[in-house]
Amino acid sequence: MADLTAASEPRGPKPRRSLSPTNIMLYGTLLLVSVYYLLPLYVMIVTSLKGMPEIRLGNVFSPPVEVTFEPWVKAWAEACTGINCEGLSRGFWNSVAILIPSVFVSISVASVSGYALANWRFKGSETFLPS
Amino acid sequence: MADTARKPNGLTRNLTAKIASVPMIATALVIFIGCTAWTIYHSFTRSRLLPAPDKWVGLDQYERLWNTRRWLVSIENLAIYGICSLILSLVIGFTLAALLDRKIRGENVFRTIFLYPFALSFIVTGLAWQWILNPDFGIQSVVQGWGWESFAFDPLNNREIAIYGILIAGIWQGSGFVMVLMLAGLRGIDEEIWKAARVDGIPTWKTYIFVIIPMMRPVFVTALVIIASGIIKVYDLVVAQTSGGPGIATEVPAKYVIEKMFQSQNLGQGFAASTMMLLSVLVVLIPWAYLEFGGKRRG
Amino acid sequence: MKAIKTLLGCTAICAASAASAADLEVTHWWTSGGEAAAVSEFAKAFNEKTDHNWVDGAIAGSGGTARPIIISRILGGDPMGATQLNHGRQAEELIEAGLLLDLTDVAEAEGWKDIVNPSSLLDACTLDGRIYCAPVNIHSWQWMWLSHQAFADAGQPVPANWDEFVASAPALVEAGKVPLAMGQQPWQSAGAFGVMTIAIAGIDAWREVTVNKNADVAAGPEYAKVFEAAANAREMAADSNVQDWNQATNLVITGKAGAQIMGDWAQGEFQVAGQTAGEDYTCLPGLGVNQLLDTAGDAFYFPKQDDPAIEAAQKELAALLLSPDVQVAFNLKKGSLPIRGDIDLSAANDCMQKGLEILASGNILPSGDMNLSPDTQGQIEDLMVEFWNDPSYSAADAQERYAEIIADAD
């Protein structure tokens, strides 16, 4: 903490040695926090590669004994909703169909409004853009 | 934002800007004010499946609302979840941003790791954490498998702490975004500040708390507004993770509103509850807006 | 021969409205394996026997998710050709608003009055003497499912009624079993309570409360016994940490739990697991006390459309849904009971046969759906799910709240 005076580093004091206690603390904390953030992703991927019996028996963290891509194929193209069996693909294209117009419309409306707010400060304009 | 705007003198000044703002103002008036008024009006009626403007019942819906245990539990949960998630998001987000700002190696990798949950929907978040917190498959069973037989960690099945199980998932999903906002704020801090702090020999942590954080006030306000609006609306996370259970231990107001409106087919009750939600937002927002803008005008 | 009669009836209607091929979108929430198989029987029959097309509009999720979507589409002026809804009071306001097709002429041509058994099903579709929906099956809540393995492991005989079950619970606990499997969804809590009411308080008290909304009876001694029993059952179910009903059923299937109170749809789970009624599991209608069935079920409603061609197709579908062979095919897959008493279901298994017998003997009750508004039911569910999951909620307090809800019911 005290060896900050030396260099004219741009911002944030840079730890000098790569194995200083500060550095170990720093990377240690970041790695530990990363575990918390990555855990669910790991669980999702590992579980998606297991077969149903394996899911029922094991815990969610154990790696798959027998890797299978069957669930991926099923989710994308074969899963049934009622008697339509098209899987996720249909929903995915729906999302794309919603995404394109909504991006277009919201950007065009927002840019017009943004122009207005930037150039014309009226009483209460903060209501629309609190910053 | 610096106050660079010119004073509006007469209608003709800034005409294009005024025209350009018409859609925004119209949307605000019609959609926000109009729909809000409509909702509030119907909360005083006995509307069932369909809105029934002529069946006026006064405050009956509100009386029933505040006599419902589920609503009271919902409010309490929202308060616990809200306060904890506000504080934790800000603390975690700022701490992570400060750590990343210390010129570390692999900043991009860490940033991606912390931010990716934000790209996932609450439904996926809720389901993934439901598995991890499940006592038979998740953390509890793993730790017990290591030989610590008496280890118990099953927040989602314990009424007393179930809401904290939701909190774990909520923080996981949202704190990365706060981190990015904070990081952007930190990058905007003038280097001279750090130099001055170093010259004066102020310890790093003191510089953060007494110099940097006060300078980042606008970033904190933005983060606060975004987190708070997310908290009030929390619904899908609860539905995916616990469906409000065990019992009614993790019910939240938004879920009450939706279920009363559509499942119980009691629009009046749902509207009364949503009006109360709006009111609670205003109770928080008005003093804040007064401080923020009232102060500016005086200054 | 009846099939021919129905076909004739159908042709009469078809001829009357000069049918041309129409696409009929049908929304429903039957998305699980067995349910989807059952609904495809409808689709198959509709595509094969008429000129029209079944356009499947399945909505994933439970009725709770699907119903708002369906209702908002009808209200929003984008009505589907036909839709599943639980009959009862859910559609009341839609009918009053004139948004649903009047099926009275179809019902008269097909003679629904004579064939639908129990007739209360048709009553639930009727408002002011007009018929607005086509009932397709009967589901009943009044069942308890018992695992033979669990009782064998505990060294106990399989109980034949609720009292014997309660008596054997300590032995089950000793053998490391959960006596009563119970999911945590609100409708499960409310449903199980309903079953216990009929078994313990008796029909008269139940009818007084549910049909006549008598709050004094709800606060009275018969119901006090039910709440005591429910508090007791709550202790027996304390260790079942599952959410969904089928997970709870799975506890019974695997012998980890002694029993579950659940409707006849649980039957499908036992079937999928390859278990045999009477050997691996036992079903007790009315908890073995009052052998009665309540007759809830699913029905199809037909939102009003401007196009006469579509209206004709809607009426043809309505007639088809109740025709004997479609009823048999559908209900065998669905595990529910058919709505007409005049068809042969010898292919049905043990438990279904028990149900059919009770149905034939006329020991039936109208379901809660038909008597209580969704609002009242929602309040009861809120109360029950809290009561079942909070051991500090005393039976007396819960009963007091229950009586309040009944007093406010409309």
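Parameters and conventions
Residues numbered from 1 in each chain as written. Chains lettered and ligands numbered in written order. Predicted model: local features only at pLDDT ≥ 70, side-chain atom pairs only at ≥ 80, totals over all residues. Helix = DSSP H or I, 4+ residues; strand = E, 2+ residues; numbered from the N terminus. Rg over C-alpha atoms; globule rule 2.2 N^0.38 Å. Contact = placed C-beta atoms within 7 Å. Buried ≥ 20, exposed ≤ 12 C-beta atoms within 10 Å, placed from the backbone. Pairing = 2+ DSSP bridges. Domains from an automatic or database assignment. Expected span 1.5 Å × (residues − 1). Arc of directions from axis to C-beta. Nonpolar A, V, L, I, M, F, W, Y, C, P; charged D, E, K, R; others polar. Axes fitted to C-alpha atoms, helices over the stretch in contact; angles between N-to-C directions. Core = buried A, V, L, I, M, F, W, Y, C linked by C-beta atoms within 7 Å.

S.K.: Explanation requested: the overall build of chain C in the structure shown.
M.R.: Assigned secondary structure in chain C consists of 21 helices and 13 strands. Here the C-alpha atoms of chain C give a radius of gyration of 22 Å, agreeing with the 22 Å that 2.2 N^0.38 yields for 410 residues. For chain C, the C-alpha atoms occupy an extent of roughly 70 × 45 × 35 Å along the three principal directions. Counted over contacts in chain C with a minimum sequence separation of 6, partners at least 24 positions apart contribute 77%.

S.K.: It is not clear to me how the overall build of chain B should be interpreted in this structure. Could you clarify?
M.R.: A tally of regular secondary structure across chain B gives 13 helices and 0 strands. Secondary structure elements of chain B occur, N-terminal to C-terminal, as α-α-α-α-α-α-α-α-α-α-α-α-α. Dimensions along the principal axes, computed over C-alpha positions, put chain B at roughly 80 × 70 × 30 Å. Scored against the burial criterion, the 299 residues of chain B give a buried share of 37%. Across chain B, every contact between residues at least 6 apart in sequence was considered, and the portion connecting residues at least 24 apart equals 67%.

S.K.: Whenever I open this one, the pairing of strand S7 (residues 143-147) of chain C confuses me. Can you help?
M.R.: The two faces of the sheet receive side chains in turn, since in a regular strand these alternate between them. Residue and element names in this part refer to chain C. Taken across its 5 residues, S7 has 5 buried, putting it largely inside the fold. Of the two faces of S7, the one lined by Trp143, Trp145 and Ser147 and the one lined by Met144 and Leu146 are each fully buried. In terms of strand pairing, S7 meets strand S9 (residues 257-261) through 3 bridges, oriented antiparallel. Along S9, the bridge assignment pairs Trp145 with Gln260.

S.K.: How do you make sense of unusual backbone geometry when you look at a structure like this?
M.R.: Most of the time, phi is negative for any residue but glycine, and the peptide bond is trans. Residues and elements named next belong to chain B. Phi is positive for Lys103, close to 55°, though the residue is something other than glycine. You can see Lys103 is positioned in the loop between helix H3 (69-100) and helix H4 (107-115). Backbone geometry at Gln265 places phi at a positive 50°, although glycine is not the residue there. With respect to the helices and strands, Gln265 occurs in the loop between helix H12 (253-263) and helix H13 (267-298). Assessed through the 26 C-beta atoms surrounding it within 10 Å, Gln265 is described here as buried.

S.K.: Would you explain the domain arrangement of chain C in this entry?
M.R.: Where the parts come together, the accessible area they lose is often given as the size of the interface. Residues and elements named next belong to chain C. Taken as a whole, chain C is organised into domain 1 (2-138 + 298-354) and domain 2 (143-294 + 366-408). Computed from C-alpha atoms alone, the centre-to-centre distance between domain 1 and domain 2 is 31 Å. Counting residues at the interface gives 13 residues for domain 1, matched by 14 residues for domain 2. Of all the secondary structure elements, the ones that give two or more residues to the side of domain 1 that touches domain 2 are helix H7 (120-124) and helix H18 (350-361). In terms of residue count, the dominant contributor to the side of domain 1 that touches domain 2 is H18 (3 residues).

S.K.: How should helix H13 (residues 221-236) of chain C be read in this particular structure?
M.R.: One turn of an α-helix holds 3.6 residues; hence residues three or four places apart share an orientation. Residue and element names in this part refer to chain C. Its 16 residues give H13 an end-to-end C-alpha distance of 23 Å, which sits within 8% of 22 Å, the value for a rise of 1.5 Å per residue. Of the positions making up H13, those classed as buried are Tyr223, Val226, Phe227, Ala229, Ala230, Ala233 and Met236. All buried residues of H13 fall inside an arc of 165° around its axis, so they share one side. Those residues of H13 hidden inside the fold are in contact with helix H9 (162-174), strand S8 (178-181), helix H10 (186-200), helix H11 (203-210), helix H12 (215-218) and helix H21 (395-408).

S.K.: Where do I start with the interface of chain C and chain B in this structure?
M.R.: Of the residues lining the interface, 19 residues belong to chain C; the matching set on chain B comes to 20 residues. The set of elements that each furnish at least two residues to the side of chain C that touches chain B consists of helix H3 (63-75) and helix H20 (374-389) of chain C. In terms of residue count, H20(C) provides more of the side of chain C that touches chain B than any other element does, 8 residues in total. Looking at the side of chain C that touches chain B, its residues break down into 6 nonpolar, 7 polar and 6 charged.

S.K.: Help me understand the sheet that holds strand S12 (residues 298-301) of chain C in this model?
M.R.: Residues and elements named next belong to chain C. The 5 strands are arranged S2-S1-S3-S12-S6 in an open sheet whose pairing can be described as mixed. Bordering the open sheet on either side are strand S2 (53-58) and strand S6 (133-135), each of which pairs with just one other strand. Pairs of neighbouring strands in the sheet enclose a mean axial angle of 30°, with direction left out of account. Both S6 and S12 contribute to a ladder of 3 bridges, which runs antiparallel. Opposite Pro135, over in S12, you have Ala299 as the bridge partner. In this fold helix H16 (residues 308-321) packs onto strand S1 (23-28), strand S3 (82-86), S6 and S12, with an angle of close to 50° to the strand it touches most, S1.

S.K.: Explain the environment of B:Ala20 here, please?
M.R.: Within the secondary structure, B:Ala20 is located in helix H1 (residues 15-42). The contacts of B:Ala20, once residues within four sequence positions are left out, are A:Val112, A:Tyr115 and A:Ala116.

S.K.: Would you mind showing me how to read the sheet that holds S9(C) here?
M.R.: Two modes of strand pairing occur in sheets, parallel and antiparallel, and in both the strands are linked by backbone hydrogen bonds. Residues and elements named next belong to chain C. Strands sit in the order S8-S9-S7-S10 across an open sheet of 4 strands; the sheet is mixed. For this open sheet the edge positions go to S8 and strand S10 (281-285), each flanked by a neighbour on one side alone. Looking at each pair of strands side by side, their axes are set apart by 20° on average, direction ignored. Relative to S10, S7 runs antiparallel, the two being bridged by 5 bridges. Pairing of Leu146 across the sheet is with Thr282, part of S10. Its contacts with the sheet place helix H14 (residues 245-253) against S7, S8, S9 and S10, and it is angled at close to 140° to S9.

S.K.: Explain the nonpolar core here, please?
M.R.: Counting 190 residues, the largest nonpolar core has C:Trp145 and C:Leu321 as its most contacted members. If you tally residues by element for this core, the top one is helix H7 (residues 162-187) of chain B, at 12 residues. Each of two domains, domain 1 (2-138 + 298-354) and domain 2 (143-294 + 366-408) of chain C, supplies a minimum of three residues to this core. Discounting residues that sit within four places of it in the chain, C:Trp145 has contacts with C:Thr249, C:Val252, C:Ala259, C:Gln260, C:Met262, C:Ala266, C:Tyr281 and C:Cys283.

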